Structure formats: structure tokens, C-alpha cells
Amino acid sequence: MENISIHTEDIQLDQFLKIAGAVMTGGEVKAWIADERILKNGEVETARRRKLHDGDVITLITDDGKAEYKVVREG
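Residues numbered from 1 in each chain as written. Predicted model: local features only at pLDDT ≥ 70, side-chain atom pairs only at ≥ 80, totals over all residues. Heavy atoms only, no water.

Looking now at helix α2 (residues 26-34). Turning to α2, its buried residues are Gly-26, Val-29 and Ile-33. Buried residues along α2 cover an arc of 55° about the axis, so they all sit on one side. (Buried < 20%, exposed > 50% of the residue type's maximum accessible area, 1.4 Å probe, protein only. Helix = DSSP H or I, 4+ residues; strand = E, 2+ residues; numbered from the N terminus. Arc of directions from axis to C-beta.)

Turning our attention to the side chain of Lys-40. Relative to the helices and strands, Lys-40 resides in strand β3 (residues 38-40). Asp-56 provides the closest opposite charge to the buried, salt-bridge-free Lys-40, at an N-O distance of 4.0 Å. (Lys, Arg positive; Asp, Glu negative; His and termini not counted. Salt bridge = Lys/Arg side-chain N within 4 Å of Asp/Glu carboxyl O.)

For the rest of this paragraph, the subject is unusual backbone geometry. Where the residue is not glycine, phi is negative for most of them; where a peptide bond is considered, it is trans in most cases. For Glu-36, which is not a glycine, the phi torsion comes out positive at approximately 55°. By secondary structure assignment, the location of Glu-36 is in the loop between α2 and β3. Overall, the relative accessible area of 54% leaves Glu-36 in the exposed class. Positive phi values are uncommon outside glycine, yet Asn-41 reaches one of about 50°. Position of Asn-41 relative to the elements: it lies in the loop between β3 and β4 (43-44). With a relative accessible area of 42%, Asn-41 lands in the partly exposed category.

Attention shifts here to the sheet that holds strand β7 (residues 65-73). Each strand in a sheet pairs with another by means of backbone hydrogen bonds, the pair being arranged parallel or else antiparallel. Read from one edge of the open sheet, five strands run β1-β7-β6-β3-β4, paired in mixed fashion. Across the chains shown, the open sheet's two edge strands, defined by having one partner strand only, are β1 (2-6) and β4. Two elements, β1 and β7, share five bridges in a ladder whose sense is parallel. Across the sheet, the residue bridging to Ile-6 is Arg-73, located in β7. (Pairing = 2+ DSSP bridges.)

Time to look at the packing of aromatic side chains. As enumerated under the stated definition, the model contains zero aromatic pairs in all. For Arg-37, the ring lying beneath its charged end belongs to Trp-32, and the centroid distance is 4.8 Å. (Phe/Tyr/Trp six-rings, centres within 6.5 Å; stacked < 30°, edge-to-face > 60°. Lys NZ or Arg CZ within 6 Å of the ring centre and 35° of its normal.)

Take helix α1 (residues 13-20) next. When we look at burial in α1, the residues that qualify are Leu-13, Asp-14, Phe-16, Leu-17 and Ala-20. Down the axis of α1, the smallest arc covering the buried residues is 160°, so these residues share one side. Looking one or two places after α1, you find Gly-21, whose phi comes out positive at around 80°.

What follows is the structure, given as C-alpha cells:
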């Protein structure tokens, strides 16, 4: 699991995945959601602009397995 630091109270899912380097565009996030390949804290995520908070874990189900990212609020 990779910790991704944010400096705000919350962050949108699509912005978070861009910061993490997991996607390049919001369109990619939309496609991943449509394919039910994004989980938030173990549950299938349905909104690309869902607010994430400190401690949330995002899992991407990839063709090679999965990638996990944890939201870590700094400051």
C-alpha cells in the first residue's frame, strides 16, 4: 500500500488518483468506475468525485492484480 499525502481536509477521488499517478485523466477514472474496478475502503465506488478523507484506502483492481493507496492528511 502506498501512502499519498494531502494537505486539505478532503480530496475528490479523481484528483487523488491523479496525484497518486494511477490515472492521467478524469475520463480514465470514469471508465474504471463503470467497470467496478475501484474500491473505497473495500466497497465498490460509484462516484468519481467522491470526497476522500484521512485514512481512506482506495484499491484499483488491475489486470495484474491490485494497487492500493491510502489517504494521509499532512499538517
